[in-house]
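# Fold and geometry: a report
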Amino acid sequence: MPINMPERIEGSRIYLNKPEPTFALAREMFSVVEQSRDHILPWLDWASVDNTYRPEDCFVFLQGIHTRWKSGDCFEYLIHDKETHHLVGGFSVMLRDKRHFGVVELAYWLGKQYAEQGLMSEAVRAVEPILWALGIERIVIRNDVKNLASMSVARRCGYVWEGIARHDRYSECQKAWRDSNVFSKIKDEVKEG
């Protein structure tokens, strides 16, 4: 049976929500990306000027979220500060085992000014109990071997480093094949209470 994610997930300082495709939100997203390109771009090609050149590009992305939710393959959220409601980043839960619906991969990004505050670790910890309750067996986090901040999130949240997937993605921006760390957490490894 496919997983069914909630449209809003609460943390103590942040909340994740399935965004509505409004042009105001697209402008806010574009502003965060524009101010953070140097922070995001080494790791995520979508942040390049070629892919995210103007607010309209973010609007197209936001429109596609609903289609991806309906497919049950990818649940994309935007992360907001609870006090100010400002957009601070994005978070995705991607289904990787369509036969048994037991494996998901998490992907995430933060605006530069919100990095190194523990917000992404908080987001991961807020999502995990929902995934375990839905019957997910394994959660995976992949990150570029040079992305120390993303590796810190996985380690801080108790994910086990499984190894390196060599040349598992091609970066158009860097014009090179990139290696990824693979981290995972298995449901049976999680202590109750």
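In case you missed it, the structure is sitting above this.
This section reports on the structure supplied with the text. (Residues numbered from 1 in each chain as written. Predicted model: local features only at pLDDT ≥ 70, side-chain atom pairs only at ≥ 80, totals over all residues. Heavy atoms only, no water.)

### Focus: the pairing of strand β5 (residues 103-110)
We count it as follows: Burial classes: relative accessible area under 20% of the type maximum marks a residue as buried, over 50% as exposed, and values in between as partly exposed (1.4 Å probe, protein chains only). Secondary structure elements follow DSSP: runs of H or I no shorter than four residues count as helices, runs of E no shorter than two count as strands, and numbering proceeds from the N terminus. Pairing between strands requires that DSSP locate at least two bridges from one strand to the other.
Of all 8 residues making up β5, 7 are buried, and the element is well covered by its neighbours. As paired elements, strand β4 (residues 87-95) and β5 share 7 bridges and run antiparallel to each other. Paired with F91 across the strands is Y108, a residue of β5. For β5 and strand β6 (residues 138-144), the ladder comprises 4 bridges, and the chain directions are parallel. Each bridged residue has a counterpart across the sheet, and for L106 the counterpart in β6 is I141.

### Here we look at the side chain of E122
Defined as follows: Pairing of N or O atoms within 3.5 Å defines a polar contact, subject to two protein rules: one partner must be a possible hydrogen donor and the other a possible acceptor, and residues neighboring in sequence count only if both atoms are side-chain atoms. Whether two residues are in contact is decided by their heavy atoms, any of which lying within 4.5 Å being enough.
By secondary structure assignment, the location of E122 is in helix α3 (residues 119-133). Note on E122: relative accessible area 11%, which makes it buried. A polar side-chain atom of E122 sits 2.6 Å from the main-chain amide nitrogen of S12. Contact partners of E122, with chain neighbours within four places excluded, come to G11, S12, R13 and I14.

### Quick look at the pairing of β4
Across the 9 residues of β4, 9 count as buried, placing the element largely inside the fold. One ladder, built from 7 bridges, connects strand β3 (residues 74-81) with β4; its direction is antiparallel. Counterpart to H80 in the pairing with β4 is L87. Counting the residues between successive antiparallel strands, the hairpin from β3 to β4 contains 5 residues, one of them, H85, with a positive phi of roughly 65°.

### Comments concerning the nonpolar core
For clarity, the threshold we go by: Put simply, buried Ala, Val, Leu, Ile, Met, Phe, Trp, Tyr and Cys residues joined by side-chain atoms within 4.5 Å make one nonpolar core.
Among the nonpolar cores identified, the biggest contains 50 residues, and M5, F91, V93 and L106 are the most heavily contacted of them. Of the residues forming this core, the biggest block, 8 residues, is contributed by α3. For L106, the contacting residues outside a window of four places in its chain are F91, S92, V93, M94, V124, V127, L131, I139, V140, I141, R142 and Y159.

### As for the pattern of salt bridges
Inclusion rule: Each reported salt bridge corresponds to a side-chain nitrogen of Lys or Arg within 4 Å of a carboxyl oxygen of Asp or Glu.
Enumeration according to the criterion identifies 16 salt bridges in this entry. Linking R68 and E76 is a salt bridge whose minimum nitrogen-to-oxygen distance equals 2.5 Å. By relative accessible area, E76 is classed as buried at 9%. D144 is paired through a salt bridge with R178; the nearest N and O atoms lie 2.8 Å apart.

### Comments concerning the sheet that holds β4
As a reminder of what qualifies: Axes here refer to lines fitted to C-alpha atoms; in helices the fit is confined to the stretch in contact. Angles between the N-to-C directions go from 0 to 180 degrees.
Pairing in this open sheet of 8 strands is mixed, and the strands run β1-β2-β3-β4-β5-β6-β8-β7 from one edge to the other. The sheet terminates laterally at β1 (8-10) and β7 (160-171), the two strands that pair on one side only. The mean inter-strand angle of the sheet, taken between neighbouring strand axes irrespective of direction, is 25°. Packed onto the sheet, helix α1 (residues 23-40) meets β3, β4 and β5 and runs at close to 85° relative to β5. Contacts from α3 reach β1, β2 (14-17), β3, β4, β5, β6 and β8 (176-186) within the one sheet, and its direction differs from that of β5 by about 155°.

Taken by themselves, the reported measurements are silent on function.
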